[in-house]
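Listed below, chain by chain, are the residues.
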2 protein chains.
Amino acid sequence: MNPAYDSAGKRKELVRAAKELFHHEGFHKTTLQMIARSAGVPLGNVHYYFPSKQSLAEAVIASHLSDLQTAFASWESEGPLERLRTLIRSPLRSADSVVQFGCPHGSLCQELQKDAESPLARAGAGLLQAWIDWSAEQLTALGWEASVARQMAGQLVAAIQGTMLLAQTFRSPELLTDQLGRVESWLEEQQSSSAERRKA
Amino acid sequence: MNPAYDSAGKRKELVRAAKELFHHEGFHKTTLQMIARSAGVPLGNVHYYFPSKQSLAEAVIASHLSDLQTAFASWESEGPLERLRTLIRSPLRSADSVVQFGCPHGSLCQELQKDAESPLARAGAGLLQAWIDWSAEQLTALGWEASVARQMAGQLVAAIQGTMLLAQTFRSPELLTDQLGRVESWLEEQQSSSAERRKA
DNA sequence: GTCTATAAATTGATAGAC
DNA sequence: GTCTATCAATTTATAGAC
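Please read these numbers as outputs of a predicted model, since none were measured by experiment.

Novice: Run through the interface of chain A and chain B, naming residues and quoting values.
Specialist: Across the boundary between the two partners, chain A contributes 42 residues, which contact 42 residues of chain B. Roughly 3700 Å² of surface becomes buried between chain A and chain B when both sides are summed, with 53% attributable to carbon and sulfur atoms. The largest per-residue losses of area from chain A upon contact with chain B belong to Gln110, Lys114 and Arg182 of chain A, which jointly make up 19% of the total buried on that side. Counting every contact that joins chain A to chain B gives two salt bridges. Inspection of the region where chain A meets chain B yields 22 residue pairs in polar contact (both at pLDDT 80 or more). Elements supplying a minimum of two residues to the side of chain A that touches chain B: α1 (3-25), α6 (95-101), α7 (104-113), α8 (119-141), α9 (146-169) and α10 (173-199) of chain A. With 14 residues, α9 of chain A is the largest single contributor of residues to the side of chain A that touches chain B. Residues that form the side of chain A that touches chain B fall into these classes: 15 nonpolar, 19 polar and eight charged.

Novice: Explain the protein's contact with DNA strand C to me, and be specific about the residues and the numbers.
Specialist: Neighbouring residues of DNA strand C: 16 residues in total, closest Thr31, His47 and Lys53 of chain A together with Tyr48 and Tyr49 of chain B. Contacts to DNA strand C include Leu32 of chain A, whose backbone N or O atom sits 3.0 Å from a phosphate oxygen. Elements with a contribution of two residues or more to the surface near DNA strand C: α1 (3-25) and α3 (46-49) of chain B. Residue contributions to the surface near DNA strand C peak at three residues, all from α1 of chain B. Considering only residue class, the surface near DNA strand C consists of six nonpolar, seven polar and three charged.

Novice: Go over the pattern of salt bridges, please, and point to the residues and values.
Specialist: Counted according to the given criterion, the structure contains 18 salt bridges over all chains. A salt bridge links Lys29 of chain A to Asp115 of chain B; the shortest N-O distance between them is 3.4 Å. With Lys29 of chain A in the loop between α1 and α2 (32-39) and Asp115 of chain B in the loop between α7 (104-113) and α8 (119-141), this pair bridges two chains. Overall, the relative accessible area of 29% leaves Lys29 of chain A in the partly exposed class. Salt-bridge contacts for Glu184 of chain B lead to Arg89 of chain B; the nearest nitrogen and oxygen are separated by 2.7 Å.

Analysis parameters
- Residues numbered from 1 in each chain as written.
- Chains lettered and ligands numbered in written order.
- Predicted model: local features only at pLDDT ≥ 70, side-chain atom pairs only at ≥ 80, totals over all residues.
- Heavy atoms only, no water.
- Contact = heavy atoms within 4.5 Å.
- Buried area = accessible area lost by both parts, 1.4 Å probe.
- Salt bridge = Lys/Arg side-chain N within 4 Å of Asp/Glu carboxyl O.
- Polar contact = N/O pair within 3.5 Å; in protein donor to acceptor, adjacent residues only side chain to side chain.
- Helix = DSSP H or I, 4+ residues; strand = E, 2+ residues; numbered from the N terminus.
- Nonpolar A, V, L, I, M, F, W, Y, C, P; charged D, E, K, R; others polar.
- Near = heavy atom within 4 Å.
- Buried < 20%, exposed > 50% of the residue type's maximum accessible area, 1.4 Å probe, protein only.

Okay, structure coming up:
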């Protein structure tokens, strides 16, 4: 156990704890005390690894972005339409967590975005931007013109995010399943109407 | 200026200030100090009108609900379809505020709902429930079967709420206008396909 | 009813021993 | 690198004068 390993290990552990607590309790309600306890690190030690709560939050956002890229990469074997279906269904794989705490990206964005001055607002926006950019890519691959694909991607992500908000608000896994199914149907209708247009 | 008037006036002023600050800063970031200052009331006096921050938040939610009912009542002269269009367009009337701070109901719900134990979570849910119930009523009046109307209402509110989250995240009034227009188009497509089914 | 003063606990962040 | 002890400021809430 050389120092470098320990240091990196505790850093990662702090980010993991903060990521979970920001999701479960919200950014402003989460204290460094709570993060330190969950990570098994003394309170005063947190500032050795991260100079401020903000810098820790930046590391959390970077970790979320990395998770997203890993997920997208793991779906590469599928076709564009099936990839979008996988995205739509992805909240179901952690339905309990979504119903209790909402979307870890969406809820963090909403909270951070209230403070427009904060550098965290811009960083957080990158999370939802990643959702939209990736969706627009898949839609482009399906043959949609670039500007239309961007619009549709926005509609798709808005529908998924809004669905997670409602499922959380009413603590209803059924709502999550049903409404995500309707989003999937909407996507398929767009696809088939597009296919018809191409035939005509 | 009898005491009852003054008392009621300051109570209302505290609720107004808290409603605005919860929207602009978020519930947890807003302190009683900030509310007292905005309302022109000494800090120690807040607890004379409201025993706790929570009871003040309950009054804020009740005020939001009252606003909603007032808005719904003012749209009664229109037909059901036009009423739904008015709902979809309603974020545009305060576009700047939505882009900066998000939906006052949706963002409050998301924050309060993280703490399932809190009575505020249940109270907050009443706000989005009002959106859905009212939308389902209009859809029922348009001839949709009750359970279908509920599902469609959920989809509609999810789309509007998700759109507001994206518009806030990217600080884009254009995104708000464009995507709400797409929600309106979706609603009209549902209506016309329903009319076709009835003809057939 | 209204206010000042303050309590009691907690916050993010720092200092300095080891 | 790691920890304890602590600062200075802020939090919700209360006590008690007027």
